[in-house]
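Chain residues, written in single-letter form:
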Amino acid sequence: MTKKLLRLSLFTLPLTIMSIGLAHAEEFSVWKNSFRQQALSQGINAQVFDAAMAGISPIQKVISLDKKQPERKLTFAQYQNNVISQARINQGRALYRKHYALLKEIEAKYGVQPQYVIALWGIETSYGNNTGGYDVVPALATLAWEGRRRDFFEDELINALRILQEGHIQQADFKGSWAGAMGQNQFMPSSFKAYAVDYTGDGRRDIWTTLPDVFASTSNYLAKSGWNAGERWGREVALSRNLDPSLADLKITKPLSEWARLGVTTRWGQPLPTEPNLSASLVQPDGPNGSSYLAYNNYKTIMKWNRSTYFATSVGILADAIVAQ
Ligand SMILES: [Ca+2]
């Protein structure tokens, strides 16, 4: 009886897997053929397309990651503990010193202070140590074919194919996250197109292995997204009296002098520096009982990189820690 059941399941299981696989393969090839026309009409060479897309099939892991329900939302305090460890601060300080001359040269060109470039590098990929091991083309093809955000991922895939076509990276080294974020600063292919820089002048915008290109590309992204040279991101503050909680809203902007009048102080209870009298928004990532921050223009620029207040606040705090005495 047991043997018979086992034999039966051994017989039926592979058939089931095979039929699912075949159905998917067929749909994938139908999508690929119509996408090929679209890519070619947007300037991708047929040889480049066929070489990059030959033999690829949907990556099941990418589909399951895309469908995964978000885990229980962390509080900002928990997120900050995960993202800004003392080890990450120490490593950021060491890398800031190690690359100081290059970073200052790049700052002179783009107007973005180096500690923010290092902080983004640290948070995105742990300073290049965790850049993602997925092949970019099949990962993006999977997401485009799966169809939840087809237009978005088809555009990203065309931009990815253009990166290969222009020779910035060899296909074997063309790696990223499961969702297509690439290299040491995790640019999507569309961000690569808009912001990546060949700082070394060798004709390749290499955000995978060439640090000057990585640093300049990050700086160029922030500069083109509205960074104000020399200004801070914001600062942690304290409230000396109760504020209307609805004032904690990124859409509400007041001069620092006005926040001071409303009772906002430095985190140590000192008067808020109001020179220069920057415009700022109050951010309370964990609500009125958690920590409070005043966010300046550059905070909103960091949010163009990643639209999360947790992310932007952590970049600012890590940047400050990297240059703290
Ligand atoms: Ca280069």
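Residues numbered from 1 in each chain as written. Predicted model: local features only at pLDDT ≥ 70, side-chain atom pairs only at ≥ 80, totals over all residues.

What to know about the overall build of the protein chain
Here is step 1 of the chain: Along its length, the protein chain carries 14 helices and seven strands.
Here is step 2 of the chain: In terms of its C-alpha atoms, the protein chain occupies a principal-axis envelope of roughly 75 × 60 × 35 Å.
Here is step 3 of the chain: Going through the 325 residues of the protein chain one by one, you find that 34% of them count as buried.
Here is step 4 of the chain: Within the protein chain, contacts between residues separated by at least 24 positions form 70% of all contacts whose residues are at least 6 apart in sequence. (Helix = DSSP H or I, 4+ residues; strand = E, 2+ residues; numbered from the N terminus. Buried ≥ 20, exposed ≤ 12 C-beta atoms within 10 Å, placed from the backbone. Contact = placed C-beta atoms within 7 Å.)

Some points on helix H14 (residues 309–323)
Here is step 1 of the chain: Here H14 contains 15 residues, and its C-alpha end-to-end distance of 22 Å stays within 8% of the 21 Å for a straight helix at 1.5 Å per residue.
Here is step 2 of the chain: All of the buried residues along H14 are Ala312, Thr313, Ser314, Val315, Gly316, Ile317, Leu318, Ala319 and Ile322. (Expected span 1.5 Å × (residues − 1).)

A look at the sheet that holds strand S7 (residues 292–295)
Here is step 1 of the chain: The five strands are arranged S4-S6-S7-S3-S5 in an open sheet whose pairing can be described as antiparallel. Here the strands that pair on one side only, and so sit at the sheet edges, are strand S4 (254–255) and strand S5 (264–266).
Here is step 2 of the chain: One ladder, built from four bridges, connects strand S3 (residues 234–239) with S7; its direction is antiparallel. If you follow Arg235 over to S7, its bridge partner there is Leu294. (Pairing = 2+ DSSP bridges.)

Looking at the domain arrangement of the protein chain
Here is step 1 of the chain: When the domains of the protein chain are assigned, the result is domain 1 (15–67 + 134–182), domain 2 (76–131 + 204–224) and domain 3 (234–295).
Here is step 2 of the chain: One C-alpha centre belongs to domain 2, the other to domain 3, and the line joining them spans 27 Å. (Domains from an automatic or database assignment.)

Comments concerning the packing of helix H3 (residues 60–67) against helix H8 (residues 136–146)
Here is step 1 of the chain: One way to put it is that H3 packs onto H8 with a least axis distance of 9 Å and a crossing angle of 60°. Overall, the two elements H3 and H8 adopt an arrangement that is oblique. Where H3 crosses over H8, the two elements pack in a sense that is right-handed. Side by side, H3 and H8 meet where Val62, Ile63 and Asp66 of the first sit next to Ala139, Thr142, Leu143 and Glu146 of the second.
Here is step 2 of the chain: Its residues placed into classes, the contact of H3 with H8 shows four nonpolar, one polar and two charged. (Axes fitted to C-alpha atoms, helices over the stretch in contact; angles between N-to-C directions. Parallel < 35°, antiparallel > 145°, perpendicular 65-115°, else oblique. Left-handed = near helix turned anticlockwise from the far one by under 90°. Nonpolar A, V, L, I, M, F, W, Y, C, P; charged D, E, K, R; others polar.)

Concerning the pairing of S7
Here is step 1 of the chain: Burial along S7 is two-sided: Ser292 and Leu294 facing one way and Tyr293 and Ala295 facing the other are all buried.
Here is step 2 of the chain: When strand S6 (residues 279–283) meets S7, the two strands line up antiparallel, connected through three bridges. In the sheet register, Leu282 faces S7, and the bridge partner there is Leu294.

A look at the packing of helix H13 (residues 297–305) against H14
The axes of two packed helices give the description: the angle between them and the distance between them.
Here is step 1 of the chain: Look at H13 against H14: their axes get within 9 Å of each other, and the N-to-C directions meet at 120°. By the angle between their axes, H13 is oblique relative to H14. Here H13 runs over H14; the crossing is right-handed. Every residue of H14 that contacts H13 at Tyr299, Ile302 and Met303 is listed here: Ala312, Val315 and Gly316.
Here is step 2 of the chain: Tallied by class, the residues present in the contact of H13 with H14 amount to five nonpolar, one polar and no charged.

As for the pairing of S6
Here is step 1 of the chain: Burial of S6 is extensive: four of the five residues sit out of reach of the surface.
Here is step 2 of the chain: In this structure, S4 lies alongside S6, joined through two bridges in antiparallel fashion. Bridge pairing in S6 links Pro255 to Ser279.

Description of the nonpolar core
Here is step 1 of the chain: Counting 73 residues, the largest nonpolar core has Ala119, Leu140, Leu161 and Val315 as its most contacted members.
Here is step 2 of the chain: With eight residues, H8 is the single largest residue contributor to this core.
Here is step 3 of the chain: If near-sequence neighbours (up to four positions away) are discounted, Ala119 is found in contact with Gly92, Val315, Leu318, Ala319 and Ile322. (Core = buried A, V, L, I, M, F, W, Y, C linked by C-beta atoms within 7 Å.)

What to know about the environment of Ala101
Here is step 1 of the chain: If you trace the backbone, Ala101 turns up in helix H6 (residues 100–110).
Here is step 2 of the chain: Each C-alpha atom of the pair Ala101 and Leu250 lies 35 Å from the other, and the pair is 149 residues apart in sequence.

As for unusual backbone geometry
Here is step 1 of the chain: That bond from Glu275 to Pro276 is cis: its omega, 0°, falls within 30 degrees of zero.
Here is step 2 of the chain: Along the polypeptide, Pro276 turns up in the loop between S5 and S6.
Here is step 3 of the chain: Not every positive phi belongs to a glycine, and Gln186 is a case in point at roughly 55°.
Here is step 4 of the chain: Here Gln186 shows up in the loop between strand S2 (175–176) and helix H10 (189–195).

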